[in-house]
Amino acid sequence: MQASSGFQGRSAGLGLALVSAFAFGGSGVAAKPLIEAGLDPLHVVWLRVAGAAVIMLPVAWRHRNLVRERPALLAGFGLFAVAGVQAFYFASISRIPVGVALLVEYLAPALVLGWVRFVQRRPVTRAAAVGVVLAVGGLACVVEVWSGLKFDLLGLVLALGAACCQVGYFVLSDHGGQDGRDGGGRHAEPPHPVGVIAYGLIVGAAVLTLVARPWGMDWSLLGGSAGLNGNEVPAWLLLGWIVLLATVLAYVTGVVSVRLLSPQVAGVVACLEAVIATGLAWVLLGEHLSAPQLIGGFVVLTGAFIAQSAAPKPPSGPVASGVGTGAAAGVVEGELSGDRAPH
């Protein structure tokens, strides 16, 4: 009976992980038409994060104790995993294809392992090093370095900035959760991941409000339409896709999936996000990648998978995570959480 129940739980977890990967993978495809219609990338990010934050307010109220117990974690999640990742990613897709931007983000596992090895001076396995080499080599194929960097250099730098923000959240989580105690020195339970997401969205919305200055946005664009591979789609429908599906649904299903699966398995499924994003961009945006780029993308995902699977386990207790995009989320989850809390 217990085996049957466990199998059903794993099946449900796998299904939810797939839903999360599909939801996250569609964020860039829905956002790019809005950016091309005239909305500033920062304004699109602000609409996404602020809209999701409003929806998650009841959850934030339920877990209001986190403000007192884990202020640094909430601030770091909002600044890096929400505001930083989303802002850099959306800015990058305004200049380079969605699939390429997301694959550049998959350097995050390599950067995380670099931090562990050279800054924290902790050993990493040979398999992890192989994963890093594969990820970097595959990325070279994706950006076609033999053509003198075929894509916009600033766009690539912005995508790399998104990867660095994911690493920043990893570092903050690692230092913030090691002793498992709150600000008063008392033993603290691991923070509830959905609560961390809710407050991360609120903090991210506050930060992005100062940066994006939405009061200067051309709100009339939301009443118009945007081009999606030759078809006109209402802008508000694309915005709803970004807020409800690519943010709220993606984060929540990702949280539940890791509770039903192991963080490592959920991280592997999360690798499908880049494949899904590239496929959707191909079909809906007409962004075709060449054969070498597709092969390079496969190598990047393989390297990211090996790197996250071989990441060393630190002595820290569970810390909520859920960067929300790609294998870097798997690295954070695998190293820092027994539960899961973006793109």
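Just above, that's the structure.
Owing to the predicted nature of the structure, the values given are computational and were not obtained by experimental measurement. (Residues numbered from 1 in each chain as written. Predicted model: local features only at pLDDT ≥ 70, side-chain atom pairs only at ≥ 80, totals over all residues. Heavy atoms only, no water.)

*Asks:* I keep staring at the environment of Pro292 and nothing clicks. Help me out?
*Replies:* Its location among the elements puts Pro292 in helix H15 (residues 291–309). On the accessibility criterion, Pro292 (34% relative accessible area) is partly exposed. For the pair Pro292 and Val142, spaced 150 residues apart in sequence, the C-alpha separation works out to 7.0 Å. (Helix = DSSP H or I, 4+ residues; strand = E, 2+ residues; numbered from the N terminus. Buried < 20%, exposed > 50% of the residue type's maximum accessible area, 1.4 Å probe, protein only.)

*Asks:* Please explain the state of the cysteines as it appears in this structure.
*Replies:* Disulfide: a covalent bond connecting the sulfur atoms of a pair of cysteines. Under the definition given, this model contains zero disulfides. Of all cysteine sulfurs in the structure, the one in Cys165 sits closest to Cys164, which takes part in no disulfide; the separation is 7.2 Å. Judged by its relative accessible area of 40%, Cys164 falls in the partly exposed class. (Disulfide = S-S within 2.5 Å.)

*Asks:* Before we go on, may I ask you to explain the packing of aromatic side chains in this structure?
*Replies:* Here the distance between the centres and the angle between the planes together describe a pair of aromatic rings. Across all of its chains, the model carries three aromatic pairs by this definition. Between Trp46 and Trp219, the ring centres sit 6.2 Å apart and the planes meet at 90°, which makes this aromatic pair edge-to-face. Of this pair, Trp46 sits in helix H3 (residues 41–55) while Trp219 is found in the loop between helix H11 (193–212) and strand E1 (225–228), placing the two residues 173 residues apart along the sequence. Assessed through its relative accessible area of 15%, Trp46 is described here as buried. (Phe/Tyr/Trp six-rings, centres within 6.5 Å; stacked < 30°, edge-to-face > 60°.)

*Asks:* How do you make sense of the pattern of salt bridges when you look at a structure like this?
*Replies:* Side-chain pairs of opposite charge can arise whenever the charged atoms involved come near each other. Tallying each qualifying case throughout the model produces three salt bridges. For the salt bridge of Lys32 with Glu287, the shortest nitrogen-to-oxygen distance reads 2.6 Å. Here the residue Lys32 occupies a position in helix H2 (residues 27–36), and Glu287 occupies one in the loop between helix H14 (272–285) and H15, the gap between them amounting to 255 residues. The class for Glu287 is buried, based on a relative accessible area of 15%. The partner of Arg95 in a salt bridge is Asp152, with the nearest N and O atoms 2.9 Å apart. Residue Arg95 is found in the loop between helix H6 (71–93) and helix H7 (98–105), and its partner Asp152 is found in the loop between helix H9 (126–142) and helix H10 (153–176); the two are separated by 57 residues along the sequence. By relative accessible area, Asp152 is classed as partly exposed at 28%. (Salt bridge = Lys/Arg side-chain N within 4 Å of Asp/Glu carboxyl O.)

*Asks:* Quick question: what am I supposed to make of the nonpolar core here?
*Replies:* If you look at soluble globular proteins, the nonpolar side chains tend to sit buried side by side. Counting residues in hydrophobic clusters, the biggest one holds 75 residues, and the most contacted among them are Val44, Tyr89, Ile93, Val100 and Leu201. Broken down by element, the residue count for this core peaks at 10 residues, all from H6. Other than its neighbours up to four places away in sequence, Ile93 contacts Gly28, Ala31, Lys32, Ile35, Val98 and Ala101. (Core = buried A, V, L, I, M, F, W, Y, C linked by side-chain atoms within 4.5 Å. Contact = heavy atoms within 4.5 Å.)

*Asks:* What is the right way to look at unusual backbone geometry in this model?
*Replies:* For residues besides glycine, phi is generally negative; the peptide bonds are generally trans as well. The residue Arg213 is not glycine, and still its phi comes out positive at about 50°. Relative to the helices and strands, Arg213 is located in the loop between H11 and E1. Using a relative accessible area of 53% as the deciding quantity, one classes Arg213 as exposed.

*Asks:* What's the story with the packing of H2 against H6 in this structure? I'm lost.
*Replies:* The description of two packed helices rests on the angle between their axes and on the distance between the axes. Closest axis-to-axis distance for the H2/H6 pair is 9 Å, and the angle between their directions is 60°. Classed by the angle they form, the pair H2 and H6 counts as oblique. Of the two possible hands of crossing, H2 and H6 adopt the one that is right-handed. Of H6, the residues touching H2 (which contributes Ser27, Gly28, Ala31, Lys32 and Ile35) are Tyr89, Phe90 and Ile93. Classifying every residue of the contact of H2 with H6 gives five nonpolar, two polar and one charged. (Axes fitted to C-alpha atoms, helices over the stretch in contact; angles between N-to-C directions. Parallel < 35°, antiparallel > 145°, perpendicular 65-115°, else oblique. Left-handed = near helix turned anticlockwise from the far one by under 90°. Nonpolar A, V, L, I, M, F, W, Y, C, P; charged D, E, K, R; others polar.)

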